[in-house]
Amino acid sequence: MKKIARASFFPVLAVMLALLIGAVLILIQGKNPVLAYGFLLQGALGNKGAIAETLVKATPLIFTGLAVTLAYRCGVFNIGAEGQLLLGALGATWAAIYLEVPAFLVLPVSLLAGFLAGGLWGAIPGYLKAKRGLNEIINTILLNYVAIQVVSYFVTGPMKEPPGYFPQSAQVPQAAWLDKILIGTRLHSGLILGLVFAAVVYYFLFHTTYGFSVRLVGTNRDAAEYGGINVPRNFVLAMLLSGGLAGLAGSVEILGVRHRLMNGIASGYGFDGIAVALLGNLHPVGVVIASVFFGVLRTGANTMQRAVGIPASVVGIIQALVIFFVVAAATLKDPSLLRLGRREKGEDKAC
Amino acid sequence: MVTSLLVMKGIVKRFPGLLANDNIDFEVAPGEVHALLGENGAGKSTLMNILSGLYVPDAGEILLRGKRVTITSPKEAIELGIGMVHQHFMLIPAMTAAENIILGLRSPKEPWLGLAEAETRIRALSERYGLSVNPRTKVSELSVGEQQRVELLKALYRDADLLILDEPTAVLTPEEAESLFAIIHRLAGEGATVIFISHKLKEVMRISDRVTILRHGRIIGTVVTAEATSAQLATMMVGREVLFEAFPKSGGGSTVMAVKNVTYVTAEGKKALEGVSFDLRESEVVGIAGVDGNGQSQLARIVTGLLPPASGRIELLGQDMTGKTADCFIRAGVAHIPEDRNKMGLSGDMSIAENLVFKSIDQPPFSSLKGFRLHHAQVREHALKLAGEYDIRSAGVNTFCRNLSGGNRQKVILARELSQTPVVLVAVHPTRGLDVGATDFIHRQIIDARDSGCAVLLISSDLDEVLRLSDRILCIYEGKIMAELSGKEPDLERIGLLMAGKGAEE
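Residues numbered from 1 in each chain as written. Chains lettered and ligands numbered in written order. Predicted model: local features only at pLDDT ≥ 70, side-chain atom pairs only at ≥ 80, totals over all residues. Heavy atoms only, no water.

Residues and elements named next belong to chain A. Across the interface, helix α2 (residues 33-45) lies against helix α12 (residues 284-308) with an axial gap of 7 Å and an inter-helix angle of 125°. Relative to α12, the element α2 lies oblique. Relative to α12, α2 is oriented so that their crossing is right-handed. Across the interface between the two elements, Leu 35, Ala 36, Phe 39, Leu 40, Leu 41, Gly 43, Ala 44 and Leu 45 of α2 pack against Val 296, Leu 297, Thr 299, Gly 300, Ala 301, Thr 303, Met 304, Ala 307 and Val 308 of α12. Its residues assigned to classes, the contact of α2 with α12 comprises 13 nonpolar, four polar and no charged. (Axes fitted to C-alpha atoms, helices over the stretch in contact; angles between N-to-C directions. Helix = DSSP H or I, 4+ residues; strand = E, 2+ residues; numbered from the N terminus. Parallel < 35°, antiparallel > 145°, perpendicular 65-115°, else oblique. Left-handed = near helix turned anticlockwise from the far one by under 90°. Contact = heavy atoms within 4.5 Å. Nonpolar A, V, L, I, M, F, W, Y, C, P; charged D, E, K, R; others polar.)

Okay, structure coming up:
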């Protein structure tokens, strides 16, 4: 209990501060922040449909948040969940439409294809970091743009739907759809899958020796090497799994909501996954909670805009502030981050 | 009578668990080359860091040109004409020599950089002191010796007339060192004063006018170099205070590990190890005595599989281990107390329990299903047992290691390494920075391991430690084993000379 309170202190504080500054911004526009936030909550949680929509938005975030968490735990900063999500969406769509497998296998095979496509896309920067020492931050960011173009190529070319009017793929067969779990809403079983994967990632990180190695590499690379752990292999493994999880985000978005591949399908879920992971304290349980929070912001923003006349982009500012404060809190927890240079100097001269 | 340029009086500097400078009086005359001689950890660098504003002393005063000064930052030191050239250069590789030299200074013709004027001045300084460097060359394209000259120019450009060189030859090839000595003579000839930090007797004898010897944070004495002998300086440097009772020595059994003709060349092309050969025997401690930076780091990494040697062979129980991974060495029973416990030996953001098993996590009882499933209960039980045996004091075994004191951190490492009943234990600076109690405890554990059959390679720059524990002593200097001595009543003066690179032939 105490542990939970300690773990959630800074994230909650960060959210509070972000909402407070958001309120000031709303005030500056001459609107009532209490009213605005009220409508935001109402739009996100006011009725069954709203709650369902919030969870629909939270579902891909759970996957991308887990993706960023897993890589981060290995000391790899994966900024490429957006691109891995797109590749996963592409892989899942392709498998669902073109692979000829028995009907009951279409869904699992599509998910697997999405996982693999995202995973291999993530393994590229993982491999480059492991074998060539190239910075994964830059490579994952750049591969996002490549992924956008790859999807664009497929939906305007090889996978364009038969009549060929729109840049989008054909609809995936119904057998590949994720079931609706709440009648009259868009909420689908991808949410359950997300929760299952949160449990799997938790088990992997904290109850397997592979997860142990990943965490050792992530907390101290030199100690891992000294402990006989193959550090490069862990980088590749972490990025493969991380990319795979992001790929699943894209897969469930396709198989649960959109049912076809088109441009712009990632809609920032990959980038928000970074925020979700950080706000969630890089822990699967935290990721789930943070995903729902971001789902609330995404869903409620429009209601707020309609009702009070505040641009929905205020929500974007709040999201950015949350990240800002979470990162600031990280330096509070470990003040040495603020004076890295001095500390290093002090350490090797002390003896 | 010449008045002193610099007087440091009663300087005291404490670090947690360490008295680095204990009431130091130090005086430098203008225009002299003054060497500061002492082993690692003697307090030389601390004293000079105080002078250059990196540390603030806990007590004492500094008089410069007869005036009392307080130096609280490197900037103030530079304004007073004190320039320090650190062992690790502080240059930006992507910028040219001239750009590095003017970095941080106000240009006289802002907002323009005034690079041309700077280059003219740099060329003039180069000429005057014989520091040939092309100001337009990028630092990344300069040799190590040239980079050092850029550092010197940086200080001179800021009108420093008291130059502190912190072990300047450590990174240089012999040829580069020669030209550095020429430069130092020239600097002194032009009226600059040089403080030269070193632990190499040969250099000190060669270059300095006077020598001040430090040991364990205290001044042992200041002598005029011309009136002293190497042997005298060596004894002053090494000295010896008996703090602990001695252990009975052991004769050793059959050979466990054989190191054959091992050579290692660093990325900069410096020979870190040259033709190193020795045996480690059962129930025996072999101590490597030497001043830091003479190849010990590389040697420790090579015999634990963390670094492949450039040439030579490592045999363990008759089997060739050369080029095998660190994992293979661990499996074969080679334990390692690493040089830098925080950087390498532990993961500060993991718990004591996790740190105690990270080398054996894939084995029962800590995991099952071929090392897939982790068993927290067993890991915890193991930790509780070891915490008791090794007296690891903490708020509990789930405490993160970064919250432990240095002594307790080292005990975690020791417990992990010895609980696997190793065949070979490589212990590098096992008690560096620890208090007397922890030091004694760790020494006893090492001797216990020896007595139960373990072959121990002890690498330490603390000579007291080497003498106390070793059954045989090898002296290392510039990557070469200079001599082997028996651990029973070794000749201290000879070890001092060998460590400082003298007297191998005698």
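Attention now moves to the nonpolar core. In terms of nonpolar packing, the biggest core is built from 152 residues, with Leu 255 and Leu 261 of chain A together with Leu 425, Leu 463, Ile 473 and Ile 495 of chain B touching the most fellow members. Residue contributions to this core peak at twelve residues, all from helix α10 (residues 231-258) of chain A. For Leu 463 of chain B, the residues in contact, after removing those within four places along its chain, are Glu 39, Val 238, Ala 289, Leu 492, Ile 495 and Met 499 of chain B. Ile 101, Ile 102, Ala 118 and Ala 155 of chain B belong to the second-largest nonpolar core, a separate cluster that totals 37 residues. (Core = buried A, V, L, I, M, F, W, Y, C linked by side-chain atoms within 4.5 Å. Buried < 20%, exposed > 50% of the residue type's maximum accessible area, 1.4 Å probe, protein only.)

Moving on, we get to unusual backbone geometry. It is generally the case that most residues other than glycine have a negative phi and that most peptide bonds are trans. All names here are of chain B. Going from Glu 110 to Pro 111, the amide bond is cis rather than trans, its omega being 5°. Along the chain, Pro 111 falls in the loop between α3 (97-102) and α4 (115-129). In this structure, Pro 365 follows Pro 364 across a cis peptide bond, with omega equal to 5°. The residue Pro 365 is located in the loop between α12 (352-357) and β17 (367-368) in this model. Here Glu 167, not a glycine, exhibits a phi torsion of approximately 40°, which is positive. Of note, Glu 167 is situated in the loop between β7 (162-166) and α6 (174-189).

The next point concerns the side chain of Glu 53 of chain A. Residues and elements named next belong to chain A. Summarising the element assignment, Glu 53 is placed in helix α3 (residues 48-73). On the basis of relative accessible area, Glu 53 is assigned to the buried category, the value being 18%. For Glu 53, the side chain forms a polar contact with the side chain of Arg 186, separated by 2.5 Å. Among all residues touching Glu 53, those that are not within four sequence positions of it are Arg 186 and Thr 299. (Polar contact = N/O pair within 3.5 Å; in protein donor to acceptor, adjacent residues only side chain to side chain.)

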